[in-house]
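What follows is each chain in one-letter form.
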Amino acid sequence: MTDSLRITDGDWTGREIAQQPDVWTEALANLDRVRPALEAFLAPLLAQDDLRIILTGAGSSAFVGRTAAPVLTRALDRLVEAIATTDLVAAPLDYLLPRKPTLLVSFGRSGDSPESVAAVKLADQLVENCWHLTISCNPAGALALHARDNSRSFSLLMPTATLDRSFAMTSSFSSMLLTSIAAFAPDAAQAERTIALARTLLADPAREIDAAIALGFERIAFLGSGALSGIATEAALKMLELSSGRIDCYADTPLGFRHGPKFVLDERTLVVMLDSIEPYTHDYDDDLAREVTQDGRALQVIRLGELPYLLGAEISDVWLTLIYLIWCQRLARRHALALNIDPDSPSADGQVNRVVQGVTIYAWPDRQP
């Protein structure tokens with residue numbers, strides 16, 4: 001369980017990136033143990049044709065939902081929505097439908113983010129028939145505690161090691177994503193293949209990452225379609241966090257990038273393409289990569305689908321999200337080290353915190369104007 005680059009005793013970010021294949025294996029084993037109870041909880045809910053499923057969380061936890069929503073929509077043959085708690089809490093009646101049966105799937109590393117707790121309470125208060133599936137890393141967190149002795153709630157806890165000690169979510173993000181996919185759309189063969197690929201990736205010296213860092217990029221754009229657009233958004237956040245805001249970070253889809261965001265391209269901009277394995281979607285990746293390369297405005301275009309250990313790999317986009325995620329985490333960490341920033345504590349002045357602070361949650365009024 002080691003990243004091929006040096007990991008010092010105090011480098012929790014490096015350790016938590018490197019441990020992911022191990023904690024994924026443990027998370028899947030834990031899920032298998034509770035699957036009969038989980039299926040008993042979910043079966044009557046999924047039997048309701050009008051059940052609404054919302055995936056929610058704050059920050060990176062929201063991006064878990066954004067990544068998983070297209071995957072679960074396809075697997076369940078019903079619309080699954082990703083709505084951040086930061087949206088739900090600020091304007092609940094814009095997102096919650098009181099008479100629509102709803103399963104709220106909440107993601108959280110600590111399970112104590114103010115908005116995450118408030119979203120659960122508001123859903124219970126405003127939706128007539130609401131159930132909760134909590135996927136979190138902290139057994140003592142408010143989200144996990146809410147599910148105890150509550151017949152309308154079910155808690156899936158991640159392995160203890162995923163309660164990351166570093167600032168940025170890494171193994172917590174990927175384990176919650178893996179668990180959400182495996183809970184609703186299990187595929188043991190794909191999961192096993194993904195874990196093996198992750199080990200290969202982590203053993204790789206990542207020369208393409210170091211070469212990109214050596215170019216001295218000051219902007220970065222991550223581009224991906226479908227579920228990969230969620231990973232693009234998370235990758236941009238990881239780079240922003242671990243560079244302490246010193247890198248301008250963008251995320252978009254290959255098709256969306258042309259509609260204005262392409263203005264970010266210049267000689268300082270690195271473009272990272274999160275290529276789809278699906279041929280139809282991959283055509284759009286090819287078009288954009290070719291266009292950006294021919295324009296000659298970007299510093300470099302890196303196509304993750306062309307990494308040596310992925311060529312010929314029999315893996316779908318659903319599981320490819322986890323491989324690309326690790327690559328982007330490693331890029332962000334190694335870039336932080338190159339900038340002499342501590343990846344574990346990138347906010348030297350303490351203005352940005354591991355668990356968000358300074359949020360006032362207001363009580364929902366009994367009567368609305």
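Up top is the structure.
Criteria and cut-off values
- Residues numbered from 1 in each chain as written.
- Predicted model: local features only at pLDDT ≥ 70, side-chain atom pairs only at ≥ 80, totals over all residues.
- Heavy atoms only, no water.
- Patch = residues over 30% accessible without salt bridge, like charges linked within 9 Å, V, L, I, M, F, W, Y side chains within 5 Å.
- Areas by Shrake-Rupley, 256 points an atom, 1.4 Å probe, with all protein chains shown as cover.
- Salt bridge = Lys/Arg side-chain N within 4 Å of Asp/Glu carboxyl O.
- Helix = DSSP H or I, 4+ residues; strand = E, 2+ residues; numbered from the N terminus.
- Core = buried A, V, L, I, M, F, W, Y, C linked by side-chain atoms within 4.5 Å.
- Buried < 20%, exposed > 50% of the residue type's maximum accessible area, 1.4 Å probe, protein only.
- Contact = heavy atoms within 4.5 Å.
- Expected span 1.5 Å × (residues − 1).
- Pairing = 2+ DSSP bridges.
- Right-handed = clockwise from strand over helix to strand, strands pointing away.
- Axes fitted to C-alpha atoms, helices over the stretch in contact; angles between N-to-C directions.

S.K.: So, a nonpolar patch on the surface: which residues are in play, and what are the values?
M.R.: Taken together, Leu255, Tyr280 and Tyr284 make up a surface patch of nonpolar side chains, about 330 Å² in accessible area. Relative to the helices and strands, tyrosine 280 is located in helix α12 (residues 279–295).

S.K.: Can you tell me about the nonpolar core, naming the residues and giving the values?
M.R.: Core analysis: the largest hydrophobic core is formed by 87 residues, its most contacted members being Leu103, Ile220, Phe222 and Trp327. In this structure tryptophan 327 touches Leu201, Glu208, Ile209, Val272, Ile302, Leu304, Leu307 and Tyr309, once residues within four positions along its chain are discounted.

S.K.: Quick rundown of unusual backbone geometry? Include the residues and the values.
M.R.: One non-glycine residue, alanine 206, adopts positive backbone phi at about 60°. As for its placement among the helices and strands, alanine 206 is situated in the loop between α8 (188–203) and α9 (207–214). We note that asparagine 340 has phi near 60°; this positive angle belongs to a residue other than glycine. Note on placement: asparagine 340 falls in the segment after α13 (317–338).

S.K.: Please set out helix α7 (residues 171–184) residue by residue, giving values where relevant.
M.R.: Over its 14 residues, α7 runs 20 Å from end to end, which matches the ideal 20 Å to within 8%, given 1.5 Å per residue. For α7, a buried count of 14 out of 14 residues is recorded, marking the element as mostly surrounded by other parts of the structure.

S.K.: Give a description of the environment of alanine 168 that names residues and reports values.
M.R.: Looking at where alanine 168 falls in the secondary structure, it is placed in the loop between β5 (153–157) and α7. For alanine 168, a relative accessible area of 0% corresponds to the buried category. Between the alpha carbons of alanine 168 and glutamate 16 there is a distance of 9.8 Å; along the sequence they are 152 residues apart. If sequence neighbours within four positions are ignored, alanine 168 has contacts with Arg109, Lys238, Glu241 and Leu242.

S.K.: I'd love a proper account of the pairing of strand β8 (residues 269–274), names of residues and values included.
M.R.: The buried fraction of β8 amounts to six of the six residues, a majority that puts the element mostly inside the structure. Of the two faces of β8, the one lined by Thr269, Val271 and Met273 and the one lined by Leu270, Val272 and Leu274 are each fully buried. Across six bridges, the pairing between strand β6 (residues 219–224) and β8 is parallel. Residue isoleucine 220 lies in a different strand from β8, and its bridge partner there is leucine 270. Inspection of the sheet shows β8 paired to strand β9 (residues 300–303) by four bridges, in the parallel sense. Looking across to β9, one finds that leucine 270 is bridged to glutamine 300. Following the chain from β8 across α12 to the adjacent parallel β9, one finds a crossover that is right-handed.

S.K.: For the sheet that holds β8, give the residues involved together with the corresponding values.
M.R.: Sheet strands pair via backbone hydrogen bonds, and the direction of the pair is either parallel or antiparallel. Pairing within the open sheet is parallel, and its four strands lie in the order β7-β6-β8-β9. Taken across any chain shown, the strands that pair with only one partner, and hence form the sheet edges, are β7 (248–252) and β9. On average, each strand axis in the sheet is tilted by 15° relative to the strand beside it, whichever way the strands run. In this structure, β6 lies alongside β7, joined through five bridges in parallel fashion. Residue pairing across strands places alanine 221 opposite tyrosine 250, the latter belonging to β7.

S.K.: Mind laying out the side chain of histidine 335, listing which residues take part and the relevant values?
M.R.: Following the sequence through the fold, histidine 335 ends up in helix α13. Take histidine 335: its relative accessible area is 4%, and that puts it in the buried class. For histidine 335, the contacting residues outside a window of four places in its chain are Ile213, Phe217, Met239, Ser243 and Ile247.

S.K.: For the sheet that holds β5, give the residues involved together with the corresponding values.
M.R.: Taken in spatial order, the five strands of this open sheet run β2-β1-β3-β4-β5, and their pairing is parallel. Single-partner strands in this sheet number two, and they are β2 (80–82) and β5. Averaged over all adjacent pairs, the angle separating strand axes in this sheet is 20°, with direction ignored. Direction of pairing for strand β4 (residues 130–136) relative to β5: parallel, over a ladder of five bridges. Bridge pairing in β5 links histidine 132 to serine 153. The sheet strands contacting helix α2 (residues 20–46) are β1 (52–56), β3 (102–108), β4 and β5, and the helix crosses β5 at an angle near 155°.

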